[in-house]
Amino acid sequence: SYVAHREVIDEILRGLAEKGKGLEMNTSGVDRCGDFLPSADIFRRFRELGGEIITLGSDAHAPGAVGTAIRENQALLRRCGFTRFCTFCRRQPIWHEL
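Residues numbered from 1 in each chain as written. Predicted model: local features only at pLDDT ≥ 70, side-chain atom pairs only at ≥ 80, totals over all residues. Heavy atoms only, no water.

## What about the nonpolar core?
When a protein is soluble and globular, its nonpolar side chains tend to lie buried together. So the rule is basically this: Only buried residues count toward a nonpolar core, which is a set of Ala, Val, Leu, Ile, Met, Phe, Trp, Tyr and Cys residues joined through side-chain atoms within 4.5 Å. Each residue is assigned to one of three classes by its accessible area relative to the maximum for its type, calculated with a 1.4 Å probe on protein chains only: buried under 20%, partly exposed between the two thresholds, exposed over 50%. The secondary structure listing takes helices from DSSP runs of H or I that are at least 4 residues long and strands from runs of E that are at least 2 residues long, numbered from the N terminus.
Core analysis: the biggest nonpolar cluster contains 19 residues, and Leu23, Phe43, Phe46, Ile54, Leu56, Leu77 and Phe82 have the highest contact counts within it. At the level of elements, α1 (6-18), β1 (23-26), α3 (40-48), β2 (54-57) and α4 (70-79) are the ones that each hand at least two residues to this core. With four residues, the top contributor of residues to this core is α3.

What follows is the structure, given as structure tokens:
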């Protein structure tokens, strides 16, 4: 959890933000553990530390699961302070408004 490991997680998130790296918000945890992976507090803190690059994933293992909870995922990112997310083409980010 973020609370239990705040100092270490902040160091990691700060490094990611400074290097222009991003995080994936994965919806697969909603079914597995009842929350997005990583949890909202980590995304909120990543944004506070200057993080911008966020991708969205559903970790689908069946066609019917592709995109599961993506709209909820986008709403949560807006609440965490993000205004956009990205996909990648040839390792270059393509930005999309939330």
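## A closer look at the pairing of strand β3 (residues 84-89)
For clarity, the cut-off: For two strands to pair, DSSP has to find at least two bridges joining them.
Pairing of β3 with strand β4 (residues 92-97), which is carried by six bridges, proceeds in the antiparallel orientation. When the sheet's bridge partners are listed, Phe88 is paired in β4 with Pro93. Remark: two residues form the turn of the hairpin made by β3 and β4, two consecutive strands paired antiparallel; Arg90 in that turn has positive phi of roughly 55 degrees.

## Some points on α1
We apply this condition: The length a helix should cover is 1.5 Å for every residue beyond the first. Directions drawn from the helix axis to the C-beta atoms are what define this arc. For this analysis, residues touch if any pair of their heavy atoms sits within 4.5 Å.
Counted at 1.5 Å a residue, the expected span for α1 with its 13 residues is 18 Å, and the 18 Å between its end C-alpha atoms agrees. Buried residues of α1: Ile9, Asp10, Leu13 and Ala17, and no others. All buried residues of α1 fall inside an arc of 100 degrees around its axis, so they share one side. Exposed positions of α1 whose direction lies more than 90 degrees from the buried face are Glu7, Val8, Glu11 and Glu18. Close packing links the buried residues of α1 with β1 and α3. The positive-phi residue at the C-terminal boundary of α1 is Gly20, with phi of around 70 degrees.

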